Amino acid sequence: MIRGITRDCNEEIIVKSRGKANVTLLPRFSCHSLRHTFATRLCESGVNIKVIQDVLGHADFNTTMNVYTDATKDLKQREFKEFDRYINKNEYSNR
């Protein structure tokens, strides 16, 4: 169903674009892609990895960590900003 919806949407975009060169079409994706995105967003929002593992139904922690979660650019930036705050807080409190 997702492929059909994507196809129909892209056909409508092409018709409405009236031959414009730079149109943005939806890429092919699957329910499995949505599962990966869901896991990544859970991780980004700070949900405990064991909870994510349980929700996804993985018996093995490594499957959850290595396959279903990605360290996105935004997540890395946010985590390092938090780490910087932690370091600076402790640096000033130890003086």
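What comes next concerns the included structure. It should be emphasised that the depicted structure is a prediction, and the values quoted were computed from it without experimental measurement. Residue numbering note: each chain is counted from 1, following its sequence as written. Side-chain atom pairs in this predicted model are given and counted only at pLDDT of 80 or more, local residue features only at pLDDT of at least 70, and totals for whole chains, interfaces and linings cover all residues. Remark: hydrogens and water are excluded; side-chain values derive from all non-hydrogen atoms of the structure.

## Topic: the overall build of the chain
So, step 1. On a plain count of helices and strands, the chain comes out with five helices and zero strands.
So, step 2. To qualify as a helix, a DSSP run of H or I must reach at least 4 residues; to qualify as a strand, a run of E must reach at least 2; elements of each kind are numbered from the N terminus. Listing every helix and strand of the chain by position from the N terminus yields α-α-α-α-α.
So, step 3. Note on method: radius of gyration uses C-alpha positions; expected globular size equals 2.2 Å times residues raised to 0.38. For 95 residues, the compact-globule estimate of 2.2 N^0.38 gives 12 Å, and the chain exceeds it by more than 25% at 20 Å.
So, step 4. Its C-alpha atoms give the chain principal-axis dimensions of roughly 65 × 35 × 15 Å.
So, step 5. Burial classes follow relative accessibility: with a 1.4 Å probe on protein chains only, a residue under 20% of its type's maximum area counts as buried, one over 50% as exposed, and anything between as partly exposed. Out of the 95 residues in the chain, the part that is buried amounts to 18%.
So, step 6. Sequence separation of 24 or more characterises 39% of the internal contacts of the chain that already satisfy a separation of 6 or more.
So, step 7. When the accessible area of the chain is evaluated, it comes to approximately 7800 Å², of which 56% is carbon and sulfur surface.
So, step 8. Charged residues are defined here as Lys and Arg on the positive side and Asp and Glu on the negative side; His and the ends of the chain fall outside this count. A single reference atom marks each charge: NZ on Lys, CZ on Arg, CG on Asp, CD on Glu. Separation of charge centres in the chain, based on 16 positive and 12 negative side chains, amounts to 5 Å. Contacts were defined at the residue level, with two residues in contact if any of their heavy atoms lie within 4.5 Å. The method behind every accessible area is Shrake-Rupley, applied with a 1.4 Å probe, and residues are considered shielded solely by the protein chains displayed.

## Section: the pattern of salt bridges
So, step 1. One speaks of a salt bridge when a side-chain nitrogen belonging to Lys or Arg is within 4 Å of a carboxyl oxygen belonging to Asp or Glu. Across all of its chains, the model carries four salt bridges by this definition.
So, step 2. Note that Asp8 and Arg7 form a salt bridge whose closest N and O atoms lie 3.1 Å from each other.
So, step 3. Exposure remark for Asp8: the relative accessible area of 40% places this residue in the partly exposed category.
So, step 4. Accessibility expressed as a relative area gives 48% for Arg7, which makes it partly exposed.
So, step 5. Residue Arg41 is joined to Glu44 by a salt bridge in which the shortest nitrogen-to-oxygen separation is 3.1 Å. With Arg41 and Glu44 both in helix α2 (residues 31–44) and three residues apart, the pair spans about one turn of that helix.
So, step 6. Residue classification places Arg41 among the partly exposed residues on the basis of a relative accessible area of 45%.

## Describing the environment of Gly46
So, step 1. On the secondary structure map, Gly46 appears in the loop between α2 and α3 (49–56).
So, step 2. Here Gly46 falls in the exposed class, since its relative accessible area comes to 59%.
So, step 3. As a C-alpha pair, Gly46 and Arg85 span 39 residues in sequence and 17 Å in three-dimensional space.

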